Amino acid sequence: VQLQASGGGLAQAGDSLRLSCAISGHTASELAVGWFRQAPGKEREFVVSISRNGRTTSSAPSVRGRFTISRGSAESTIYLQMDSLKPEDTATYYCAAGQYDGISYLNLPNRYPYWGQGTLVTVSS
């Protein structure tokens with residue numbers, strides 16, 4: 001399974017960006033997918049996730065109401081729509097995937113054996 005994250009870049013506070021995670025080597029609709037981020041000097045943290053059946057999404061309190069995860073129409077791409085960006089959203093964003101079948105604990109990195117290379121998002125004030 002290979003994941004390719006893209007869509008990062010420079011944004012101003014209040015702007016929107018959409019990140020993409022292209023999945024190959026496995027049927028994407030059979031995978032749970034999560035987005036994580038890591039800011040310089042900080043630990044990696046959970047952002048959002050979507051369950052394997054696509055019915056359950058969850059998000060970190062810091063992004064709730066601003067960030068949305070969704071599957072593309074072709075199901076091979078997962079999107080992270082980021083609205084109302086803040087400077088504290090600046091980080092490298094990683095998509096991750098796994099075959100975990102539950103809807104709980106998708107905020108844990110160890111649920112995901114497959115990781116993309118990361119895409120940098122920089123938000124200025």
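Each remark here, short or long, concerns the structure printed above.
Residues numbered from 1 in each chain as written. Predicted model: local features only at pLDDT ≥ 70, side-chain atom pairs only at ≥ 80, totals over all residues. Heavy atoms only, no water.

**Focus on the state of the cysteines**
With the rule as written, the count across this model stands at 1 disulfide. Paired through a disulfide, C21 and C95 show a sulfur-sulfur distance of 2.2 Å. What sets the handedness of the C21 and C95 disulfide is the S-S torsion sign, and at about 75° it is right-handed. With a gap of 74 residues between them, C21 in strand β3 (residues 17–24) and C95 in strand β9 (residues 91–98) connect regions that are remote in the sequence. Take C21 and C95: they sit in the same class, and that class is buried. (Disulfide = S-S within 2.5 Å. Helix = DSSP H or I, 4+ residues; strand = E, 2+ residues; numbered from the N terminus. Buried < 20%, exposed > 50% of the residue type's maximum accessible area, 1.4 Å probe, protein only.)

**Topic: the packing of aromatic side chains**
Under the criterion given, the structure shown has 4 aromatic pairs. Where Y112 meets W115, the ring centres are 6.5 Å apart and the plane angle is 80°; that geometry is what we call edge-to-face. The exposure class assigned to W115 is partly exposed, which follows from its relative accessible area of 26%. Taken together, the ring pairs connect F36, F46, Y112 and W115 into an aromatic cluster. One residue, R18, lies across the ring of Y79, its end atom 4.0 Å from the ring centre. R111 extends its terminal NZ or CZ atom over the ring of Y100, reaching a point 4.2 Å from the ring centre. (Phe/Tyr/Trp six-rings, centres within 6.5 Å; stacked < 30°, edge-to-face > 60°. Lys NZ or Arg CZ within 6 Å of the ring centre and 35° of its normal.)

**Describing the pattern of salt bridges**
All chains considered together, the criterion is met by 4 salt bridges. A salt bridge links D89 to R37; its shortest N-O distance comes to 3.0 Å. Note that D89 is positioned in the loop between β8 (77–82) and β9 and R37 in strand β4 (residues 32–38), a separation of 52 residues in sequence. With respect to burial, D89 and R37 carry one shared label: buried. You can call D89 buried: its relative accessible area is 0%. Within the structure, one salt-bridge network assembled from shared partners comprises R37, E45, R66 and D89. (Salt bridge = Lys/Arg side-chain N within 4 Å of Asp/Glu carboxyl O.)

**Points about unusual backbone geometry**
For S84, which is not a glycine, the phi torsion comes out positive at approximately 50°. Note on placement: S84 falls in the loop between β8 and β9. Residue classification places S84 among the partly exposed residues on the basis of a relative accessible area of 40%. At Y105, a residue that is not glycine, the phi angle is positive and equals roughly 65°. On the secondary structure map, Y105 appears in the loop between β9 and β10 (114–115).

It is worth stressing that arrangement in space is one thing and function is another; only the former is reported here.
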